[in-house]
Amino acid sequence: MQHYDLLMIISSAPSNFERRNNIRKTWAFERSAKPRWTSVFLVAQTRNEAVSNVLLDEDEALKDLVRASYYDHYWNQTRKIQMGFEWAVTYCNFSFLLKLDDDVFVHVPRVLSFLSAPTTPKKMFYAGCHYANMGPHRKGKWMVTYEEYNKTRYPDFCPGFGYILSHDVVRAFVDTFSSLPFFRLDDVYVGMLASKNGISVTNNVGFELWHPPQYVCVPIKNTLVRHDVGEECQLEMFNLTIFPR
């Protein structure tokens, strides 16, 4: 089994064909016969027969989809990462896993450089945009009832658009699934897994939840993963990683 320094698993909705294709054409395009990294998309089932048929063709042609047995839904993201982590430790040989959403840009060369740096831990590593002392919302879209979670603060976690886990951490999380109750908010759930396993979050400013308005489609000096990148920006940002201004 080929070893990868980095395995990227990308959560994607079934109908997001264009997003996946733009990612394949830009930062997820493999150029080496023996690449140091690879990427797959995590995609659930859909009740839309037309979309389902196109997905079957996409999977057959490109073979980079990891398909779930459950139906796609916003509150099934925790099931999606459980599926992705289980698939990764069962079928892949990797040093680090980068979990992503399909609306991000990734500066792959910088990520690889960061992971190979002597100062980057190779074990017990969980890194991203560090959220600390966050409390549950009791109203609105992300409302969590007291029955679901009765504490005033969540464990530290990284928002789900992108975070890195070392292989041993992914393995530990998979082993913990059966003993940690399901929680709807997938990024908080990963923080719960980390807390249960005694793993702390490493903050990295390269995981950009927000960016200055003048750099909408421009990676800045620390950019590793940028959230909320539209399809029109993917190619522009990718070109700037090859030909910086």
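Described below are features of the structure shown in this document. As a convention, each chain's residues are numbered from 1 in the sequence order in which they are written. Predicted model: local features are reported for residues with pLDDT of at least 70 only, side-chain atom pairs are reported and counted for 80 or more only, and whole-chain, interface and lining totals are derived from all residues. Computation of side-chain values covers all heavy atoms of the structure but excludes hydrogens and water.

## What to know about the pairing of strand S2 (residues 37-45)
When accessible area is computed with a 1.4 Å probe and restricted to protein chains, residues below 20% of their type maximum are described as buried, those above 50% as exposed, and intermediate ones as partly exposed. Counting from the N terminus, the helices are the DSSP runs of H or I reaching at least four residues and the strands are the DSSP runs of E reaching at least two. Most of S2 sits inside the fold, with 8 of its 9 residues counted as buried. Two strands pair when backbone bridges link them, and strand S1 (residues 3-11) and S2 are joined in this way by 6 bridges, in the parallel orientation. Residue pairing for S2: Ile-10 is matched across the bridge by Phe-41. Two strands form a pair only when DSSP identifies at least two bridges running between them.

## Remarks on the pattern of salt bridges
Here, a salt bridge means any side-chain nitrogen of Lys or Arg that lies within 4 Å of a carboxyl oxygen of Asp or Glu. Under the criterion given, the structure shown has 11 salt bridges. Residue Glu-58 pairs with Arg-24 through a salt bridge whose shortest N-O separation is 2.7 Å. Of the two residues, Glu-58 is situated in helix H2 (residues 49-62) and Arg-24 in helix H1 (residues 17-25); the sequence distance between them amounts to 34 residues. The residues Glu-58 and Arg-24 share a single accessibility class, namely buried.

## Here we look at helix H5 (residues 167-176)
Along H5, the positions that sit buried rather than exposed are Val-169, Val-170, Ala-172, Phe-173, Val-174 and Thr-176. Only heavy atoms enter the contact rule, under which two residues are in contact if any of them lie within 4.5 Å. Turning to H5, the residues buried within the fold contact helix H3 (77-91), strand S4 (93-101), strand S7 (162-166) and helix H6 (186-196).

## Regarding the sheet that holds strand S5 (residues 105-106)
Strand pairs in the sheet, formed through backbone hydrogen bonds, run parallel or antiparallel to each other. With respect to topology, 3 strands assemble into an open sheet ordered S5-S10-S9, the strand pairing being mixed. Unpaired on one side and paired on the other, S5 and strand S9 (207-208) mark the two borders of the sheet. Note that S9 and strand S10 (residues 225-226) share 2 bridges and pair parallel. Its bridge partner being in S10, Phe-207 is matched across the sheet by Val-225.

## Quick word on the sheet that holds strand S8 (residues 202-203)
Strand order in the open sheet made by the 7 strands is S3-S2-S1-S4-S7-S6-S8, with mixed pairing throughout. Edge positions in the sheet fall to strand S3 (65-71) and S8, since each has one partner strand and no second. Along the sheet, H5 makes contact with S4 and S7, crossing S7 at roughly 95 degrees. Axis definition: a line fitted to C-alpha atoms, over the contacting stretch in the case of helices. Angles run 0 to 180 degrees between N-to-C directions.

## What to know about the packing of H3 against H6
For the pair H3 and H6, the least separation of the axes is 8 Å and the interaxial angle reads 50 degrees. Taken together, the axes of H3 and H6 lie oblique to each other. When H3 is examined against H6, the residues Gln-77, Thr-78, Ile-81, Gln-82 and Phe-85 are found in contact with a partner set consisting of Asp-186, Tyr-189 and Val-190. Residues of the contact of H3 with H6, tallied by class, amount to 4 nonpolar, 3 polar and 1 charged. Any angle between 65 and 115 degrees counts as roughly perpendicular, while under 35 counts as roughly parallel, over 145 as roughly antiparallel, and the rest as oblique. In this count, Pro and Cys sit with the nonpolar residues alongside Ala, Val, Leu, Ile, Met, Phe, Trp and Tyr, while Asp, Glu, Lys and Arg are called charged and the others, Gly among them, polar.

Purely geometric stuff here, so don't read any function into it on its own.
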